[in-house]
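# Architecture and fold: a report
Take a look at the letters that make up each chain.
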Amino acid sequence: RNYFFPLHLQPSSYLCGSRSYDIVLPVAEDQARTSFYLPTHAYLEQSDVEYICAVGRKFFNPDEAVPACPRVAGWTKDARASTLK
């Protein structure tokens, strides 16, 4: 899934303009294709950040220890629901 879209390729740039992407920015486009996304949201806690960083380090160093995941699947749904009350 592509999380990164260069600003010149955003839908608003296409729909509000000439209906074409009038500029080529190869570096921005390459970074959009090759970058990766780190989880970000309002409910991250320190233990989440430590886990995410450990998983990233393990990618580069297979011997890296990774702590147990601090969350269970679906926890964001409950967190959002409690915010909306």
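In this report, we go over the structure that sits alongside the text.

### What about the pattern of salt bridges?
Evaluated as defined, the whole model comprises four salt bridges. Taking the shortest distance from any N to any O, the salt bridge between Glu45 and Arg71 comes out at 3.5 Å. With Glu45 in the loop between helix H2 (26-34) and helix H3 (46-60) and Arg71 in the loop between H3 and helix H4 (75-83), this residue pair connects regions lying 26 residues apart in the sequence. In this structure Glu45 comes out as partly exposed when scored by relative accessible area, which is 46%. Here the salt bridges do not stand alone but share partners, grouping Glu45, Asp48 and Arg71 into one network.

### Brief notes about H3
The end-to-end C-alpha distance of H3 is 22 Å, a good match for the 21 Å that 15 residues give at a rise of 1.5 Å each. Looking only at H3, the buried set comprises Asp48, Ile52 and Ala54. Buried positions in H3, seen along its axis, are confined to an arc of 160° and lie on one side of it. Turned more than 90 degrees away from the buried face of H3 sit Gln46 and Phe60, all of them exposed.

### Focus: the packing of aromatic side chains
Scanning all chains against the criterion turns up one aromatic pair. Plain terms: the ring middles of Phe59 and Phe60 are 5.0 Å apart, the flat faces sit at 85° to each other, and that makes the pair edge-to-face. When sorted by exposure, Phe59 lands in the same class as Phe60, which is exposed. Its guanidinium or amino end placed over the ring of Trp75, Arg71 lies 3.7 Å from that ring's centre, counting from NZ or CZ.

### Brief notes about the environment of Leu7
Along the chain, Leu7 falls in the segment before helix H1 (11-15). For Leu7, a relative accessible area of 71% corresponds to the exposed category. Spatially, the C-alpha atom of Leu7 lies 9.7 Å from that of Glu29, the residues being 22 residues apart in sequence.

Criteria and thresholds
Residues numbered from 1 in each chain as written. Predicted model: local features only at pLDDT ≥ 70, side-chain atom pairs only at ≥ 80, totals over all residues. Heavy atoms only, no water. Salt bridge = Lys/Arg side-chain N within 4 Å of Asp/Glu carboxyl O. Helix = DSSP H or I, 4+ residues; strand = E, 2+ residues; numbered from the N terminus. Buried < 20%, exposed > 50% of the residue type's maximum accessible area, 1.4 Å probe, protein only. Expected span 1.5 Å × (residues − 1). Arc of directions from axis to C-beta. Phe/Tyr/Trp six-rings, centres within 6.5 Å; stacked < 30°, edge-to-face > 60°. Lys NZ or Arg CZ within 6 Å of the ring centre and 35° of its normal.

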